[in-house]
Amino acid sequence: MTGITFFRIRNFALLVLIQALIFSHIHLFGYATASVYLIFILKLPRHTKVNELLLWCFLSGLIVDIFSNTPGLNAAAATAMGFARNFILSAFTHKGLAEDFIPGAKSIKWGGYIVYSSLCIALFSFVLFLLELFTINYPGTLLISTLSSTLLTMLFVVVAECFSRNR
């Protein structure tokens, strides 16, 4: 097992456990929930194969679902985010970047990284809360939950990026 694979598995386990044991049980004002495990998915290298990316997304969501007693909601939302991740990422990369870069403030600059992360997290939050509500009869609740969770998660993404070693 290479050092990069060990580092990736360690980050996966750490973020998913923090999410499952701490952040899944905190709901600010009944709407906002931070999804810190998405940092792992956002920071996967650009060259990650689609099958591997979707597997990481599904497994991370499934583990959070098991600990949070949410039957498949996080798995579905994380997998949906995984489907869109490379498409969203390609909109913020320029042709001079190496194919195997890791998305971050250093590689795609702060503005691009914040928009890329925000779009991915907003998609995740929208799918998660749409499945949780299972109706579109409450668009206000859906919008407030999506926006507040996106902003709260983005706060943790920015903090994690500031303390990241590959800045």
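Residues numbered from 1 in each chain as written. Predicted model: local features only at pLDDT ≥ 70, side-chain atom pairs only at ≥ 80, totals over all residues. Heavy atoms only, no water.

Visitor: Tell me what's going on with the packing of helix H3 (residues 50-68) against helix H4 (residues 73-90), and back it up with residues and numbers.
Guide: Helix-helix packing is described using two parameters, namely the angle between the two axes and the distance between the axes. Contact geometry for H3 and H4: axes closest at 7 Å, N-to-C directions at 155 degrees. One way to sum up the angle between H3 and H4 is to call them roughly antiparallel. H4 is crossed by H3, and the crossing has right-handed handedness. Between H3, through Val 50, Leu 53, Leu 54, Cys 57, Phe 58, Gly 61, Leu 62, Val 64 and Asp 65, and H4, the contact on the second element is made entirely by Leu 73, Asn 74, Ala 75, Ala 78, Thr 79, Gly 82, Phe 83, Arg 85 and Asn 86. Here the contact of H3 with H4 is built from residues that sort into eleven nonpolar, five polar and two charged. (Axes fitted to C-alpha atoms, helices over the stretch in contact; angles between N-to-C directions. Helix = DSSP H or I, 4+ residues; strand = E, 2+ residues; numbered from the N terminus. Parallel < 35°, antiparallel > 145°, perpendicular 65-115°, else oblique. Left-handed = near helix turned anticlockwise from the far one by under 90°. Contact = heavy atoms within 4.5 Å. Nonpolar A, V, L, I, M, F, W, Y, C, P; charged D, E, K, R; others polar.)

Visitor: I'd like a rundown of unusual backbone geometry, residues and numbers included.
Guide: Positive phi, normally seen in glycine, also occurs at Asn 69, with a value near 60 degrees. Tracing the backbone through its elements, the reader meets Asn 69 in the loop between H3 and H4. Residue Asn 69 is classed as exposed on the basis of its relative accessible area of 69%. Phi at Lys 109 takes a positive value of approximately 65 degrees, unusual for a residue other than glycine. Residue position: Lys 109 is located in helix H5 (residues 105-133). Look at Lys 109 and you get exposed, because its relative accessible area is 58%. (Buried < 20%, exposed > 50% of the residue type's maximum accessible area, 1.4 Å probe, protein only.)

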